[in-house]
Amino acid sequence: MPSPLSKDKGKAEIQDDSDLTEEEKAALAAAAEARQRSFERSFAGPSVGKAGLVRDQTEINKVIAEASKLTDNPNRYYQNQVRKDKELTEKIEWYQAKRDELMKMANIPRLEAEADRILLEVEATRDISQTIVHVDMDAFYASVEVQRDPTLKGKAFGVGQGVLTTASYEARKFGCRSGMAGFIAKKLCPHIILTKMHFDLYIAASKAVREVLLQYDENLMMASLDEGYLNITPYMSTHNMSASDTVAQIRAEVEAKTQLTMSAGIAPNRMLAKICSDKNKPNGQYEMEFERSVITKFMRDLPVRKIPGFGRVTERCLEGLGVETCGDIYTHRAELLVMDHWFGFRGLCKAYLGIADNNVAPGKREERRSVGVERTFRDKVDEEDILNEVASIAEELEKDLERLQYAGKTVTVKYKLHTFENKTRAKSVGKYISTSKEILPIALELMKRELPVRIRLLGIRLSTLKDLTIVDKGIKGFLVSPSKKRAAGGSRTGTPVPTENDDDSPELIRMEEEDEAEVLDMTLDDDQDGSPAPNETLTPPPTSALGKRKSSENDKSHLLGPVCPICSKALGAGTSNIGLNEHIDWCLNKDAISEASKKSPVKKARLENGVQAKKAKEKGTMLDWLKKK
DNA sequence: TGGTTGAAC
DNA sequence: AAGAGTTCAACCA
């Protein structure tokens, strides 16, 4: 039974297939189906695809997409998904064209050789000396809810009002997932019970868990209320215990203390540990063998989507390049190398090799970047209505700022149109502000410029923060105990770190913090160029890989003059690194810019940003593979 | 640098 | 009857 969706999206574009061979037709059909599945997947909630519990997710996704479509007409949300899907598809097609174009003139053996060289370089950064554990509470909120209301036990229920934050395992059997809209969950599972959230209970339970974990690693890194990372290497050696025994003991102790079960993954780095903790969930553990060959074998068949930081969009972009598993990264290394600018080749190498950060550090200090409040409501068009809402939100924000002890300089107003398109408008001011009295006029001003609008969400966010608990200014900072008002607020635990900071700059000393939960950095490598490279992540570092690179030092290749790896053109002995760089840049991008502004599917410069990059360290990109001949 | 947008968790 | 909060990166003017 062909879903209406597949008619709309799937094959519609491919109409004239009369002169195609059978294989080509089959390939096109397969591609269309894959795309269709991906599109349907996009309705099911963010967590789908990460954790593969249910058998026939495809069927479930169809139901969801159908339900979504029929909800109301016209369903703006659905239409918005369609629009985004279309843009994504166009972007992917652009990538494919780019790839084909570059590959046409590329010297493939040379590309592969270079890719292999980089692989080796990345491989050299592997560190399996530490035993990292990722612990993950099983259906945490749901389990706590059962403790609160035992009648929920064994039933299909979800936690959360409009959107499920968690689904009980019984509900998951019906395809219900966290992140899923409540009414969709009802469609999938009509008898599902939806409960409110009880954050105070979750926080208390989390604290109990944390206390146990801290006995095994005082540097425990909590990634959220229900998951965390430990480095149990010291514990294992002082207690002369194996990793699996240690983890079994941790889990038993947590369960004894809290009646909550957890799953755990044991591996040499955070990324692998996190993936492993999913393997035997719920209430199980999985230990990765600390052996290179085992790890690479493990990665080979692992869908790239499982890598933390690789989301739905990245998944589809890679899929468009023929990459679905981490193993595919190797087979497609030539193309991926040439697409380095957009996908970040070294990050992909790390995924393929199973290499990532193994640092476990407590939620350092509290360098929060912004504080915001936003609300969703039924469509508003009335000007006064809207401005009242702005005022109300500003007051709420003031309360949060007071509780959290922050002031800030940049006010951002965010709104979502009835079409589900998001907009933001921001304005910075010269001094730190924190009260509604100060914020509201700015927010109002920003919002008034947008009227008239029909919106379903409004929010205000304050950024460029100053931490008011840091009294600092030299010695005094140490005499005043840092108020401990924060803590309750949000995701991050950790105590404020009094920081001495003598100038007027609000900037705190940024210790290498980061370690954002899901971010996989490396840290250990960073060989050349002596830059600290504190946070390179697995997600592609597309940026400025080429033109803007600093020239690296160890470039001694000009005896014969550099050769462009794309067009194989010799550039002459006199060509400088920078000159070579420029040539490569030009060679790779000559058409990109003009094309982008002309026929590029996605607006103008939207092209490259599909792939998310975190701190793209100025290292492992094109220049590297040039500099050695 | 400030403003906007989007991806991801 | 499709949430809320936060961070990060890219791009542009």
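Residues numbered from 1 in each chain as written. Chains lettered and ligands numbered in written order. Predicted model: local features only at pLDDT ≥ 70, side-chain atom pairs only at ≥ 80, totals over all residues. Heavy atoms only, no water.

## Re the pattern of salt bridges
Under the criterion given, the structure shown has 29 salt bridges. Its salt-bridge partner being Glu 396, residue Arg 375 comes within 3.0 Å of it at the nearest N-O pair. With Arg 375 in strand 9 (residues 370-380) and Glu 396 in helix 19 (residues 383-404), this pair connects stretches of sequence that are 21 residues apart. For Arg 375, a relative accessible area of 24% puts it in the partly exposed group. Given the relative accessible area of 32%, Glu 396 is considered partly exposed. The closest approach of N and O atoms between Lys 431 and Glu 438, which form a salt bridge, is 3.6 Å. Assessed through its relative accessible area of 51%, Lys 431 is described here as exposed. Salt bridges sharing partners connect three or more residues here, namely Glu 114, Arg 117, Glu 121 and Arg 346. (Salt bridge = Lys/Arg side-chain N within 4 Å of Asp/Glu carboxyl O. Helix = DSSP H or I, 4+ residues; strand = E, 2+ residues; numbered from the N terminus. Buried < 20%, exposed > 50% of the residue type's maximum accessible area, 1.4 Å probe, protein only.)

## Here we look at the packing of aromatic side chains
Applying the stated criterion across every chain yields a total of 12 aromatic pairs. Considering the side-chain rings of Tyr 77 and Phe 420, the 5.1 Å spacing of their centres and the 75 degrees angle between planes classify their relative orientation as edge-to-face. With Tyr 77 in helix 4 (residues 76-105) and Phe 420 in the loop between strand 10 (406-417) and strand 11 (422-433), this residue pair connects regions lying 343 residues apart in the sequence. Summarising the aromatic geometry, the rings of Phe 140 and Tyr 141 are spaced 5.8 Å apart at their centres and angled 50 degrees between planes, so their arrangement reads as tilted. The exposure class assigned to Tyr 141 is buried, which follows from its relative accessible area of 17%. Counting every residue linked through ring pairs, the aromatic cluster contains Trp 94, Tyr 95, Trp 342 and Phe 343. Directly above the ring of Tyr 169 sits Arg 172, whose terminal nitrogen or CZ lies 4.5 Å from the centroid. Over the ring of Tyr 330 we find Arg 333; its NZ or CZ atom is 4.0 Å from the centre of that ring. (Phe/Tyr/Trp six-rings, centres within 6.5 Å; stacked < 30°, edge-to-face > 60°. Lys NZ or Arg CZ within 6 Å of the ring centre and 35° of its normal.)

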